[in-house]
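Summary of structural features
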Amino acid sequence: MIDRSMAPAEKRDLVSIEDLSTAEILELFHHADEFRANLHAWSDLCRGAIMATLFFEPSTRTRLSFESAMLRLGGGVISAADGDATSRAKGESLADTVRVVGGSYADILVVRHPEDGAARVAARYATVPVINGGDGAHEHPTQTLCDLYTLWKEKGRLEGLEVVLCGDLRYSRTIHSFCYALARFGANIVTMPYPGFELPDYVMQRLQRDYGVQTAVAAMGDLPGLAGSSNAAAYLTASKPHQLALFTKLTNVEVNRIDAIYMTRAQRERHEGEDTANYPRLTRSTMGAASTKDARVMHPLPRVDEIDYDLDDDPRSIYFRQAELGVPMRMALMAYLLGKVQLRASRPELLSIMPGMPSDVLRCRNERCITNNEGVRYLKRDFRLRADSAPPKLACGYCEREIEARFVGHAQSRVAHRYNAAEVRRTKAENRVYFESEAQAQAAGFTLAGS
Amino acid sequence: MIDRSMAPAEKRDLVSIEDLSTAEILELFHHADEFRANLHAWSDLCRGAIMATLFFEPSTRTRLSFESAMLRLGGGVISAADGDATSRAKGESLADTVRVVGGSYADILVVRHPEDGAARVAARYATVPVINGGDGAHEHPTQTLCDLYTLWKEKGRLEGLEVVLCGDLRYSRTIHSFCYALARFGANIVTMPYPGFELPDYVMQRLQRDYGVQTAVAAMGDLPGLAGSSNAAAYLTASKPHQLALFTKLTNVEVNRIDAIYMTRAQRERHEGEDTANYPRLTRSTMGAASTKDARVMHPLPRVDEIDYDLDDDPRSIYFRQAELGVPMRMALMAYLLGKVQLRASRPELLSIMPGMPSDVLRCRNERCITNNEGVRYLKRDFRLRADSAPPKLACGYCEREIEARFVGHAQSRVAHRYNAAEVRRTKAENRVYFESEAQAQAAGFTLAGS
Amino acid sequence: MIDRSMAPAEKRDLVSIEDLSTAEILELFHHADEFRANLHAWSDLCRGAIMATLFFEPSTRTRLSFESAMLRLGGGVISAADGDATSRAKGESLADTVRVVGGSYADILVVRHPEDGAARVAARYATVPVINGGDGAHEHPTQTLCDLYTLWKEKGRLEGLEVVLCGDLRYSRTIHSFCYALARFGANIVTMPYPGFELPDYVMQRLQRDYGVQTAVAAMGDLPGLAGSSNAAAYLTASKPHQLALFTKLTNVEVNRIDAIYMTRAQRERHEGEDTANYPRLTRSTMGAASTKDARVMHPLPRVDEIDYDLDDDPRSIYFRQAELGVPMRMALMAYLLGKVQLRASRPELLSIMPGMPSDVLRCRNERCITNNEGVRYLKRDFRLRADSAPPKLACGYCEREIEARFVGHAQSRVAHRYNAAEVRRTKAENRVYFESEAQAQAAGFTLAGS
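Predicted model, so just to flag it, every value in this text is computed and none were measured.

1. Regarding the interface of chain B and chain A
Contact with chain B, which involves 32 residues of that partner, is made by 30 residues of chain A. Between chain B and chain A the total buried area reaches about 2,600 Å² when both faces are included, carbon and sulfur atoms providing 54% of it. Scanning the region where chain B abuts chain A turns up 5 salt bridges. In this structure, A:Arg47 and B:Asp44 form a salt bridge, with 2.7 Å as the shortest nitrogen-oxygen distance. Here chain B is connected to chain A by 13 residue pairs in polar contact (both at pLDDT 80 or more). Going through the elements one at a time, helix H2 (60–72) and helix H9 (319–337) of chain B are the ones with two or more residues in the side of chain B that touches chain A. At 9 residues, H2(B) tops the list of elements feeding residues into the side of chain B that touches chain A. Looking at the side of chain B that touches chain A residue by residue, the classes come out as 12 nonpolar, 7 polar and 13 charged.

2. Structural notes on the relation of the copies chain B and chain A
After a rotation of 120 degrees and a shift along the axis of 0.0 Å, chain B superposes on chain A with an RMSD of 0.0 Å. The superposition of one copy onto the other is thereby described by a three-fold rotation axis. Within chain B, B:Gly76 has its C-alpha nearest the rotation axis, a separation of 5.1 Å. A share of only 3% of interface residues in chain B that are also interface residues in chain A marks the association as one of differing surfaces.

3. Here we look at the domain arrangement of chain A
Interface size is often expressed as the accessible area that is lost when the parts come together. Residues and elements named next belong to chain A. Taken domain by domain, chain A comprises domain 1 (17–140 + 324–337), domain 2 (142–317) and domain 3 (370–448). Using C-alpha coordinates to define each centre, domain 1 is positioned 27 Å away from domain 2. Across the domain 1/domain 2 interface, buried area totals approximately 2,500 Å², and carbon plus sulfur atoms make up 58% of it. Where domain 1 packs against domain 2, one counts 4 salt bridges. Across the salt bridge formed by Glu18 and Arg206, the nearest N and O atoms sit 3.6 Å from each other. Taken together, the links from domain 1 to domain 2 amount to 13 residue pairs in polar contact (both at pLDDT 80 or more).

4. Side note on the sheet that holds strand E4 (residues 130–135) of chain C
Residues and elements named next belong to chain C. Pairing is parallel in the open sheet, where 4 strands are placed in the order E2-E1-E3-E4. Lying at the two open borders of the sheet, with one neighbouring strand each, are strand E2 (76–80) and E4. Between one strand axis and the next, the sheet turns through 15 degrees on average, direction left out of account. Bridging between strand E1 (residues 50–55) and strand E3 (residues 108–113) involves 5 bridges; their strand directions are parallel. Among the inter-strand pairings, Leu54 is bridged to a residue of E3, identified as Val111. Docked against the sheet, helix H9 (residues 319–337) engages E1, E3 and E4, running at close to 140 degrees with respect to E4.

5. As for the confidence of the model for chain A
For chain A, per-residue confidence averages 89 on the pLDDT scale, and 90% of positions sit at 70 or higher. With pTM at 0.94, the complex prediction returns an ipTM value of 0.92.

6. Digging into the pattern of salt bridges
A complete count under the given rule lists 105 salt bridges over all chains for this structure. Here C:Arg72 makes a salt bridge to B:Asp107, at a shortest N to O gap of 3.3 Å. Taken together, the residues span two chains, with C:Arg72 in helix H2 (residues 60–72) and B:Asp107 in the loop between helix H3 (94–105) and strand E3 (108–113). A single burial state applies to C:Arg72 and to B:Asp107, both of which are buried. Within this structure, A:Glu18, A:Glu139, A:Arg206, A:Arg209, A:Asp210, A:Arg386, A:Glu400 and A:Glu402 form a network of salt bridges that share partners.

7. Brief notes about the pairing of strand E10 (residues 260–263) of chain C
When a strand is regular, its side chains alternate between the sheet's two faces. Residues and elements named next belong to chain C. Where burial is concerned, the two faces of E10 agree: the one with Ala260 and Tyr262 and the one with Ile261 and Met263 are both buried. In this structure, strand E5 (residues 162–167) lies alongside E10, joined through 4 bridges in parallel fashion. If you follow Val163 over to E10, its bridge partner there is Ala260. Inspection of the sheet shows E10 paired to strand E11 (residues 296–298) by 3 bridges, in the parallel sense. Directly across from Ile261, in E11, lies its bridge partner Val297.

8. Looking at the sheet that holds strand E8 (residues 234–237) of chain A
Residues and elements named next belong to chain A. If you trace the 7 strands from one edge of the open sheet to the other, you get E9-E7-E8-E6-E5-E10-E11, paired in mixed fashion. Two strands lie at the open edges of the sheet, namely strand E9 (252–254) and strand E11 (296–298), each paired on one side alone. Geometrically, the sheet is characterised by an average inter-axis angle of 30 degrees between neighbouring strands, direction not taken into account. As defined by bridge partners, strand E7 (residues 214–219) adjoins E8 across 4 bridges and the pair is classed as antiparallel. Across the sheet, residue Thr215 finds its bridge partner in E8, namely Leu236.

9. Some details on the interface of chain C and chain A
Facing 30 residues of chain C, the contacting portion of chain A comprises 32 residues. Counting the surface lost from both chain C and chain A, the interface buries some 2,600 Å², and carbon and sulfur atoms represent 54% of this. One can count 5 salt bridges joining chain C with chain A. The interface formed by chain C and chain A contains 13 residue pairs in polar contact (both at pLDDT 80 or more). For the side of chain C that touches chain A, the secondary structure elements donating two or more residues are E1, E2 and helix H3 (94–105) of chain C. The dominant element in the side of chain C that touches chain A, judged by the number of residues it contributes, is H3(C), at 7 residues. Considered class by class, the residues forming the side of chain C that touches chain A number 13 nonpolar, 9 polar and 8 charged.

10. With respect to the environment of A:Val130
All names here are of chain A. Tracing the backbone through its elements, the reader meets Val130 in strand E4 (residues 130–135). Distance from Val130 to Ile25, taken between C-alpha atoms, is 17 Å for residues 105 residues apart in sequence. Excluding anything up to four places from it in sequence, Val130 contacts Arg12, Asp13, Leu14, Leu109, Val111, Ala119, Ala122 and Ala123.

11. Structural notes on the packing of helix H5 (residues 141–155) of chain C against helix H6 (residues 173–185) of chain C
All names here are of chain C. As a packed pair, H5 and H6 sit with axes 9 Å apart at the nearest point and diverge in direction by 50 degrees. Taken together, H5 and H6 sit at an angle that is classed as oblique. Between H5 and H6 lies a crossing whose hand is right-handed. Where H5 approaches H6, its residues Pro141, Gln143, Thr144, Asp147, Leu148 and Leu151 are matched on the opposing element by Thr174, Ser177, Phe178, Ala181, Leu182 and Phe185. Partitioned by chemical class, the residues of the contact of H5 with H6 number 7 nonpolar, 4 polar and 1 charged.

12. Here we look at the packing of helix H1 (residues 22–37) of chain C against H5(C)
Residues and elements named next belong to chain C. In the contact formed by H1 and H5, the axes pass within 11 Å of each other and the chain directions differ by 75 degrees. Viewed along their axes, H1 and H5 adopt a mutual orientation that is roughly perpendicular. Facing Ile25, Leu26, Phe29, His30, Ala32, Asp33 and Arg36 of H1, the residues of H5 in contact are Leu145, Leu148, Tyr149, Trp152 and Lys153. A class-by-class count of the residues in the contact of H1 with H5 yields 8 nonpolar, 1 polar and 3 charged.

The rules behind each value
- Residues numbered from 1 in each chain as written.
- Chains lettered and ligands numbered in written order.
- Predicted model: local features only at pLDDT ≥ 70, side-chain atom pairs only at ≥ 80, totals over all residues.
- Heavy atoms only, no water.
- Contact = heavy atoms within 4.5 Å.
- Buried area = accessible area lost by both parts, 1.4 Å probe.
- Salt bridge = Lys/Arg side-chain N within 4 Å of Asp/Glu carboxyl O.
- Polar contact = N/O pair within 3.5 Å; in protein donor to acceptor, adjacent residues only side chain to side chain.
- Helix = DSSP H or I, 4+ residues; strand = E, 2+ residues; numbered from the N terminus.
- Nonpolar A, V, L, I, M, F, W, Y, C, P; charged D, E, K, R; others polar.
- Least-squares fit on C-alpha atoms with pLDDT ≥ 70 in both.
- Domains from an automatic or database assignment.
- Pairing = 2+ DSSP bridges.
- Axes fitted to C-alpha atoms, helices over the stretch in contact; angles between N-to-C directions.
- pLDDT = per-residue confidence, 0-100.
- Buried < 20%, exposed > 50% of the residue type's maximum accessible area, 1.4 Å probe, protein only.
- Parallel < 35°, antiparallel > 145°, perpendicular 65-115°, else oblique.
- Left-handed = near helix turned anticlockwise from the far one by under 90°.

This is how it looks when you write it as C-alpha cells:
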C-alpha cells in the first residue's frame, strides 16, 4: 500500500538532470544495483501505486521501459500513448490533462511531449511527481541517468573519463542532457558531430557558464568510419566544480585513449530533407584503432545503421546493456519519488538561478518552446535571472533558453535604462523590469532615459 | 479471488442511468466515499478480475478513469483503444467482439462506440456485466454518476438545487443523461443553450413523460459571458416523482440563486462546419454576478476555452474535482457489478415500459442508431411499447428513440385499423402489430379496415 | 516471484507448432483443463513475470487473449500494439527490438509480424522465450493449439476425425499450421477451398514429406452454401506417424460423417482485388445435411459473414468456445515456458532436419520472407538440409520455404558438380556448398565440372 509519509516532504519532479544533485545521482545508482540484483524480488514495494504514461509523441522504448519498471515494483500502469487518440485532439491543454490524470488516476506521471519545456509545465500543474520522458529538443533526463549508470558500472567512475559523442549532436536532446551531466561529473567530452549537426550554441554556453567548460581542438588519430566527423573534433573539459583542467589555455589535445564512444542516429524526424548520406558509421575497423582498445560503444537506441551489426558481439558494445539497465535505474527513481526509497544526499543547490518573475513583455525566443505553442492560451511566461551575467541573462522558466536583457526599467517610475547604467544598480531587484530592446520597453509604456 | 457468488443474482449492466434506481445511486455514493477515503487501500478487493475497455471511439479520459479504478481495486486491465487497429477493421460485429472478449478474456466490459444504442447491444450479447462508456449521442451514464456524486458532495443534497446547463445541449450525451438524473432527484434545470444547440425534442419529451417536467421562461439577470444563451433560458422543474412543482401553470421563473453551472464544450467532432464563434465563455466576471455566489462551476472536460483559465483557482471551480471523484465512483460501480459490494436498495421499476417485441416492419428513425448501421447485418429490431400513450409510442430497444404507431393490425386476421378504433381495443396485446402509416401496414400485407 | 530454476534447462520458444511434440501438446491440454476449471485461481502463479506483446500488425483478438492469460496468471503486461508508433518507424530492426524488450523489460515475448519467418528471428535474438503470435503467411501456432484443444475437448480425441477446411486455404496461416497438426495427430482433412484459394504447394509438399499424406478426391454429398467449393474437395490422409491409411492407392473417398467444419474468412487484407463474391457461406441449411449431424462448426474469428448469425445458437457452433478456450490454453503454454508448469513428455525429434549452414550465395525464394525484407540489413541467411531428398532440398532457416540444390560444390577445390555426381558423394558433408543453378555456382567463383 502506498502512503506518502515516506515521500520527499515536498513533491519532487525530474524535469532536468539538474533537478538531482551529483550525490543523489550516485545514491540512485546504488539503489539501482540493488534492484538489478533480482529484478523479480520487488513486486510488493509499490503495490497499489499507479503510474500514468502520457506520451504525446511516440516512443515505444522509453514507454515500455518505464512500464516494465513500474510493474516490477508491483504498481499498475495506465497509458495514453497515442497523441492523436487523446483528449488533446479535442483541444485540451497539457495543464488540464495532467491535473486530471494526476488527480486521482495516477500517483506518478511520465510525460513525453514534442514541445520544449512541456515537462516543466506538467510538473507545475500536477500534484503528483512528474518525470520528463523527453520534451522536444529540451531534455530526456532518465536516458541520461541510464547512460551515466551504465558508464559508471563499466568503468567504475565517471571523473576523468574521455567520452566521444558522435553523430547528430544538434537535435539529440539525449546528448544535451548527457553533456551537462558528464561535465558535472568531471568527464571530458570529445564532440565529433556530423558536419552541420554540431552542439547548439545554447548548450555550449550553458556548459561554459555552469561548469567552466574550456574547448580545444581534439586530435583523434585515425578512426575509420568517423573520418568526416573527426576533422571537427573538439575537446571539452570542465574546470568546475572539479579542478581537473589545470591548464590555463588549452588549444590542442591529443586523445590517445577513448573510454566510450556514444553514437547517435540522425534524428530524421527532426530534420527532414537534410543530407545524411555520409553520416558516420561505427564498424569493426573503427574499433580496431589503438585508442579504442578499452572504449565502450554506447547508443541510446533505436539504432538505424550507424553501428554495424557486426559489432553486436564485441564485448565492448554495451548499447543493449544500456537498455537493460534502464529498468532498474527507473525502478530506483520511481521508488524514490513515491517515497519507497530514501536519499540521504542533499538536493542540488540552484545558486545560479534567481526566482522566476512573470512577464507580460518578454517572450521566449525558442520557437519550439511550449510558451510559444500550446501554452500560448494559458501559460504565464516567466523568466529566471542568471546571476552574475552582464548584460543580464534571463532563462525561460520552461525551456531554459536564455535571452539577453539590454535594458532595465523601474516598475514605479516607468523609466528604462541601458543595463549598465548607474540608475539600474540603484534600482531594487524587485522593482526591475527587463527588456531585450528599446522598442520592447517603449511598447510596454516605458520611457527611455536619455532619449 | 473473484467468485460470482456475491454478484447480483442475474447479471446487471449500466447502459442507461435509468438502469439504477435513485436509492441505488445514493448507496453507490456512500460506497464511493469509502473508496475515496483511501484510494490505495483496496488493491485486494477485486484481485484476479479483469476489465476490458473496448473503445471504438477515442476517449483517453474516460478510459484512463476506468482503468485506474480497476487497478486500484486490484484487478487487471486489457484494452482495445483504437477502433481502427481492431478486428472491427476486418469486419467483425460488436456482438461477436463482446462475446469473445466477454467469454473468458474479461469479467467486465466497458464499451464506447460511435453508434446510438451500441452499449445495449453489447449488454445483450455479453455474458459478463457491461458498462456504457458512451454510445453515440445516446448516454454516458458513468459521467452522470460522477457529476451527480460531485454535486451531492458539494451541496449535501440534489433535491431542489438550481442547476444551469450551458453551451451545447444538443450533441452532448453527457447533458442528456444528466438531465434525466437531475429531474429524477428533484433538482431544477435551467437550460442556457448556445443558439441552435438546444436540448433535442426527444429529450424534452422524455423529461415530460417520465418526470412530469414543466417548462417556463427563466429570467437569469445579468450573467456576463453567457449573454447570447441567457435570452433563451428555460426553467425545467419536475412534478414527479417529487411534489416540488406545486404551481399549476408555470410561466416565468426568476433565478436569483444558482447552485451549479454545468458548462460543456462545443462537440466539434459532431457538428463540423457550424459556427461556434460566439460560444459562451465563463469568466471571472460571470462568476462575479450575485446569483453565482454559491454556484459551483462544473464541466465534463476536456475543456477547450469555454471556461477561462483564470477561474481554475476559484474555490467554486470543481471541474477537476469531478474528474478526481470519477475514480472512486467507478470503483464503487465496478465493485458492485463484480459482486464485491452489495446494494440493499431495490432496483428500478420499469413500469412505464412493456416488454419488447421483435419487428420485421418497424425501423428506428434515428439514423445514428446501431440498428441502422453496423447492426443491420445481424440485429433483430425490437421496440418497447410506452404505457398510456395515445397514439401508441414505441421506443427502439437499443437507442430508446420513439416512433408513433398510428395504425395497429391483428396478427391473425391481417387487418389493420387506426390506433383509436374500437377493434384495436378488442385485440389482445399479444396479437397487436404496430405500424407508423397505412403504407407500412400495406407493405407488410395487411388490409386497411375501411379502405 | 519468478525464478527460472523450474524453467526448461534451455530456453524454449513456440515459433512453429512443430516445436512441440505430440505428447507435449496433449500434456498442455490437460494443464489447460486445470486452468480452465477456475480461471480466477491462478493469480499468484506467475506473479512478478512480465509479458511483452510486440505486435507489428494489428490483432486485437490475439493480443487480448494473451494479455488476459498473463493477467490471470498474475503477471504483468507491456504492449507495443501499433506498428507505426514504435521504434520501428525510426528504422529499428526486429532483432534490436527483441534484444531490448527481452533484455530486462519482459520475461516472455509474444511477437506478431507481417513477414514470414519473423518469429524465428525474434526467437534467435531474444534471451527470453518467444511465442509466435502470427508471422506473415507462415504460422500462428497458438491458434492451432487452441483449435486442437477445442476439437479434442469436443470429440474426446483427434485421431481418425474427419475435418473439413473451408474457404481461403491459401493465405490463412492458421489453416497451414492446423493442417500439419491434424496430420500429425492422425485426423483426416477434407479441403474445400474457395476456387483460387487452394492450399499452397509448399504446404502440400510438407504434408506429404513429413506425414506421408495421400490425397484422394472427396465426394461430399450435398452441402448447401458450400457448393462451389465442394467440387474441388480433396481428401488428405496421413500414413505416418500413424498407420491409419492402409490402402495403397486412394482415389475416391465418400465422406458421410463430418466431425468438424473449419470455416475461414477471406483474408481480404492479403489479396485485395480478388473476387470473393461467391465465397462459401455456412447456413442452417448446410448444417441440415445428414453428414453434418455431429459436426462442430469452427472458425478462428473474426467472422465477417461466412457463417450465418442464425447458426450462433446451434449447439454445434463452437467458434465462441474456441476463443474462450484460448485463454486457459495460453495460460498453460506460458506457465510452461516460464517454468511454472513441467512437461514430462519428450521434446520433438527433429530428425529430418540437419543443422543449418550460413550462406552468402543462396537466397530464399519466398519474397515475403524476412530475409528478403527487413532482415536484408543484418540477417545471415541460413538453410537446413532436408534429409533423404534428391535433388537436395534446403529449407530457409526462418520461413522454412524450400529450394532445390541441383549443384553441389567443394569448399576447398572450388569445383561444383551436379548433385548426383559421384564426386558429391565423396565430398564430406561439411565441405559441401549448395547451389540452385550453374549460374549461381559460377557467380560464386566455382568451376563447373565437365564444362
